[in-house]
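Residue-level structure breakdown
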Amino acid sequence: MKQVSNTVVALKSPLILGKRKLDCVCLTLDTSTPKETYFTDKKRKIKGKDYSIFITILKTKFTFSVIKPDSSFFISNSRTSFVKCYHGTSPSYLVPCRPGLVIATSSNVHYIPHEDVIAMNLDRLGGGTFDFMVKTSTQKQYDFTMVAREERACLEEYSKEVIRENRIRQGGKGNEVDEDDSSDDPFSLQSEDESDKEKDAEALKELVKEDSEEDADGSDSSPDDDLPSKRQRTI
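Quick look at the structure, then. (Residues numbered from 1 in each chain as written. Predicted model: local features only at pLDDT ≥ 70, side-chain atom pairs only at ≥ 80, totals over all residues. Heavy atoms only, no water.)

1. Examining the nonpolar core
Within the largest apolar cluster, 22 residues are counted, with the highest numbers of intra-cluster contacts made by Leu 94, Phe 132, Val 134, Phe 144, Leu 155 and Tyr 158. Counting only elements with at least two residues in this core, the list comes to strand E5 (83-87), strand E7 (100-104), strand E9 (117-122), strand E10 (129-136), strand E11 (141-148) and helix H2 (152-169). Ranked by residues supplied to this core, first place goes to H2 with five residues. The residues touching Phe 144, leaving out its near neighbours within four places in the chain, are Cys 85, Tyr 86, His 87, Leu 94, Ile 103, Asp 131, Phe 132 and Val 134. Counting six residues, the second largest nonpolar core, distinct from the first, contains Cys 24, Val 95, Val 102 and Val 109. (Core = buried A, V, L, I, M, F, W, Y, C linked by side-chain atoms within 4.5 Å. Buried < 20%, exposed > 50% of the residue type's maximum accessible area, 1.4 Å probe, protein only. Helix = DSSP H or I, 4+ residues; strand = E, 2+ residues; numbered from the N terminus. Contact = heavy atoms within 4.5 Å.)

2. Examining the pattern of salt bridges
Counted according to the given criterion, the structure contains five salt bridges. Lys 160 is the partner of Glu 156 in a salt bridge, and the nearest nitrogen-oxygen pair spans 3.5 Å. Taken together, the positions of Glu 156 and Lys 160, both in helix H2 and four residues apart, correspond to about one turn of that helix. No difference in accessibility class separates Glu 156 from Lys 160, as the two residues are buried. When the shortest N-O distance is used, the salt bridge between Glu 161 and Arg 164 registers 2.7 Å. You can see Glu 161 and its partner Arg 164 sitting in helix H2, three residues apart, about one turn around the helix. Residue Glu 161 is classed as partly exposed on the basis of its relative accessible area, which comes to 24%. Exposure remark for Arg 164: the relative accessible area of 14% places this residue in the buried category. (Salt bridge = Lys/Arg side-chain N within 4 Å of Asp/Glu carboxyl O.)

3. A closer look at a nonpolar patch on the surface
Together, Phe 62, Phe 64 and Val 66 make up a nonpolar patch on the protein surface, roughly 280 Å² of accessible area in all. Along the chain, Phe 62 falls in the loop between helix H1 (50-59) and E5. (Patch = residues over 30% accessible without salt bridge, like charges linked within 9 Å, V, L, I, M, F, W, Y side chains within 5 Å. Areas by Shrake-Rupley, 256 points an atom, 1.4 Å probe, with all protein chains shown as cover.)

4. Remarks on unusual backbone geometry
Of note, Arg 79 is a non-glycine position whose phi angle comes to about 65°, a positive value. One can find Arg 79 in the loop between H1 and E5. Residue classification places Arg 79 among the exposed residues on the basis of a relative accessible area of 62%. Phi at Met 146 takes a positive value of approximately 60°, unusual for a residue other than glycine. Looking at the secondary structure, you find Met 146 in strand E11. Classification of Met 146 as partly exposed rests on a relative accessible area of 48%.

Take a look at the structure:
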């Protein structure tokens, strides 16, 4: 049985093909059949399987790191290294790795380094599925739908871990993500203090608004109207 390795190459600069810009390239490499080939100079020979040959050739030209799924970092409820979903109308796969998230669709492959992520959100359940959102520092947002509800717990834990690591990387405290937080709220890099300030400001606006409405309703009456007049008998 032929075995293959789906290898995603993340590019520093997008590869332009016609009207498309590719930030990643996905290659299906044979990992079962030994082969033999020559370098372009026709002098050096290299032996091995497609994957090992490809990595060896890359190392002669570029400095890079090999990223592989790690079950100790993420494993789905289905005991796989990926989660099935939809991106638009395309069936897609989310592959969380330690340094970043690989997104494989039917037409393209994306790689999002975790250090670029500023927010992740798991929307409310709808039937047997839920939605998942990833927002980057470039304000690019990736929306995924039709994620099986069984995968909610593992994606929630993954989201919290990514934001926690980013906060530590930026000099903050990693424990700012509350384990009891509702996953309907986005996990983001916004500090708790900033969030509280915004909530207080909104509450103050509402209070001022209510006071203004009350003043407007009572503008035709005097504060003394409810008091008994001097001619009235008091009991």
